[in-house]
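# Observations on the three-dimensional arrangement
Each chain, letter by letter, is given below.
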Amino acid sequence: MNITIENIILIGSVLLLISILAGKTSYRFGIPTLLLFLTIGMLAGSDGIGGIYFDNPKIAQFVGVVSLNFILFSGGLDTNWQSVKPVLKEGIMLSTIGVLLTAVGLGYFVYLITDFSIYESLLLGAIVSSTDAAAVFSILRGKNLALKKNLRPTLELESGSNDPMAYVLTIAFLTLVQFPERNILSVLPMFFLQMTLGGAAGFLFGKLSKIIINRIQLDFEGLYPVLTIALMFITFSATNFIGGNGFLAIYICSVYLGNQNLIHKKTIMRMFDGLAWLMQIVLFLTLGLLVFPTQIVPFIGIGLLISLFLIFVARPLAVMFSLLPFRMKLRRRFYISWVGLRGAVPIVFATYPLLAGIDKASIIFNIVFFVSITSVLIQGSTLSIVAKWLHVGLPEKAKPLSPTDELLSEHPKAIMKEITISGSCPATGEKIVNLNFPKKAIIAMIKRNGNYLTPNGSTIIEANDTLVVLTDKPEILDKVYASLSISKTVEKTGELAE
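Residues numbered from 1 in each chain as written. Predicted model: local features only at pLDDT ≥ 70, side-chain atom pairs only at ≥ 80, totals over all residues. Heavy atoms only, no water.

### Points about the overall build of the protein chain
Which entries qualify depends on this criterion: Here a strand is any run of E in DSSP of at least two residues, a helix any run of H or I of at least four, and the numbering for each starts at the N terminus. Three exposure classes are used, based on accessible area relative to the maximum for each residue type with a 1.4 Å probe and protein chains only: buried under 20%, partly exposed in between, and exposed over 50%. Only heavy atoms matter for contacts: two residues are in contact if any of them lie within 4.5 Å across the pair. Only the protein chains shown count as covering a residue, and every accessible area follows the Shrake-Rupley method with a 1.4 Å probe.
Check the secondary structure of the protein chain and you find 22 helices and five strands. Per-residue burial over the protein chain gives 53% buried out of 498 residues. Of all intrachain contacts in the protein chain linking residues separated by at least 6 positions in sequence, the fraction that spans at least 24 positions is 80%. With the model as given, the accessible surface of the protein chain reaches about 22300 Å², and the carbon-plus-sulfur share is 65%.

As structure tokens, then:
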């Protein structure tokens, strides 16, 4: 069956529905959801029962880049700076030195066991060198894994920030394959330019995005996520336009925004969470359609060797060397190495050699696809088991809520406080979003001139307003007073009926 304008919506919606229903029951059998999405895409393809012919790497790459924008941005929004800060150095080492060592180590192994040139081998190593953000975010959160110490922030920081490094290495080694007369030193300026501009642009666009979101007056709450999407794409494309790394820019931009007070922040985060899941499904379905399973069969043997070397040798050694400067128990290092999931990102990067038209592009693509499936199947389905073996997991009841979970959760608020704002109060004339109001308290209503209004982040506090504040813990009230910069002598206390 050929994809046409007339049937693409029907086919897409049916595949989406099947993927969602299949994902609902997948974990009962220990099968990672993302692997099911890939499988459904392959079954729907020309080699499967669906008979849909799709052989357009350019469209697949476009879908992949757009999807990765949403996945990385959503992951960045969920990244709490206070959780990441203690493991920032470890995360940076893993996402830079770790990726480089994985690429070089695996590339040299491929060079030894195949007829690939050294640059073609390093290209394949670079393509599969990073852990996949889509796979790690979805599996860690989908399985609701509770991990000790700072393991989870480390893993999510690494997976969210190492794709840019793998992308730069992929482009660099692809350039060397196309122009073998060059040497590795010739691509170093491009590497440093991409990473430097990407990091700087991400931070600057993050600050600019915060100003735009909080100062622009939109009539409808639902437009704020749309505005954020526009800012995300502007960040990515503008950074690429000036020669920086767009993936790094949107991740840094989203981490910055996720740790700021934004108008309708809950709405934005919930919207991006849903869009990230949608993009993961669309991405894996598209890549599943793109591959021809019959073409992978001849490379199963070599693909299995490469995959096993990556999982059990290249990735663990890269992690151990990257974390040498840090004090960390060996079992935690082993678990970090085990969560080196490969997923959609390597497959998307494998489309770059296809579009460049190099000799072994199709072989590289099929091997990368097999490695990704093997990684998700072996590692993704055993994360909980390995966590128990290595004693790095926590009982589900002992799992602390992440700051993002705290923000989005709806705890019953048992304590009410009415706080009157005087004309001399520093909060007068300020938007609520600028008050640094504690996340575990809400301003449910504002009594103004005898009337009650329901506030939002853009509501400006006026003199003589009475704020009806709800919270679930008495100690949170001290933070409320601090955010309003007032004393405790002007409010009336009340408790809600149980």
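### Some details on the packing of helix α11 (residues 223–241) against helix α12 (residues 246–258)
Definition in use: Axis geometry follows a simple rule: fit a line to the C-alpha atoms, using only the stretch in contact for helices, then measure angles between N-to-C directions, giving values from 0 to 180 degrees. Working rule for handedness: look at the near helix, and if it is turned counterclockwise from the far one by less than a right angle, call the crossing left-handed; if clockwise, right-handed.
Where α11 contacts α12, the two axes come as close as 8 Å, and the packing angle between them is 145°. In the crossing of α11 with α12, the sense of the turn from one axis to the other is right-handed. On α12, the residues touching Met232, Thr235, Phe236, Thr239 and Asn240 of α11 are Gly246, Phe247, Ala249, Ile250 and Cys253.

### Things to note about the layout of surface pockets
A water-sized probe rolled over the atoms picks out the places where empty space is left. Cut-off, in case you're wondering: With a 1 Å grid laid over protein atoms only, a set of points is called a cavity when a 1.4 Å probe fits there but cannot get out and a pocket when it is open yet has protein on both sides within 12 Å along at least five of seven lines; lining residues have an atom within 4 Å of a point. Grid points are joined across faces, edges and corners, and a volume is the space filled by probe spheres set on the points.
Space inside the largest pocket adds up to approximately 1000 Å³. Considering the residues around the largest pocket, the lining is formed by 41 residues, among which Thr79, Asn80, Trp81, Val255 and Asn259 are closest to the centre. Of all the elements in the fold, those that place two or more residues in the lining of the largest pocket are α4 (81–84), α5 (88–113), α8 (151–161), α10 (188–215), α12, α13 (265–290), α21 (403–408) and α22 (476–484).

### Quick word on the pattern of salt bridges
What counts is decided by this rule: Between Lys or Arg on one side and Asp or Glu on the other, a salt bridge is scored when a side-chain nitrogen of the former is within 4 Å of a carboxyl oxygen of the latter.
For the structure on display, the rule yields five salt bridges. Here arginine 448 and glutamate 462 are joined by a salt bridge, their closest N and O atoms 3.6 Å apart. Pair noted here: arginine 448 is in strand β2 (residues 441–448) and glutamate 462 is in the loop between β3 (451–453) and β4 (466–471), with a separation of 14 residues, a long-range link. Arginine 448 serves as the salt-bridge partner of aspartate 465, at 2.7 Å between the closest nitrogen and oxygen.

### Some points on the packing of helix α6 (residues 118–127) against helix α19 (residues 361–378)
Inclusion rule: Each residue is assigned to one class: nonpolar for Ala, Val, Leu, Ile, Met, Phe, Trp, Tyr, Cys and Pro, charged for Asp, Glu, Lys and Arg, and polar for all the others, Gly among them.
Look at α6 against α19: their axes get within 10 Å of each other, and the N-to-C directions meet at 35°. Remark: the crossing between α6 and α19 carries right-handed chirality. Contacts between α6 and α19 involve Glu120, Leu123, Leu124 and Ile127 from the former and Ile364, Ile367 and Val368 from the latter. When the residues that make up the contact of α6 with α19 are grouped by side-chain class, the tally is six nonpolar, no polar and one charged.

### Overview of the nonpolar core
We count it as follows: The nonpolar core is taken to be a set of buried Ala, Val, Leu, Ile, Met, Phe, Trp, Tyr and Cys residues, with the residues joined through side-chain atoms within 4.5 Å.
Among the nonpolar cores identified, the biggest contains 117 residues, and Leu124 and Tyr335 are the most heavily contacted of them. Excluding residues that lie within four positions of it along the chain, leucine 124 makes contacts with Val110, Phe116, Ile306, Ile364, Ile367 and Val368. Ala427, Ile443, Ile446 and Ile476 belong to the second-largest nonpolar core, a separate cluster that totals 19 residues.

### Focus: the confidence of the model for the protein chain
The condition that has to hold: The predictor's confidence in any single residue is recorded as pLDDT, a number from 0 to 100.
For the protein chain, the average pLDDT comes to 84, and 87% of its residues sit at 70 or higher. Mean pLDDT across the elements of the protein chain ranges from a minimum in strand β5 (residues 491–495), with 43, to a maximum in α11, with 96. This model gives residues 487–498 a pLDDT under 50, and the stretch forms 19 contacts once residues within four places in sequence are excluded.

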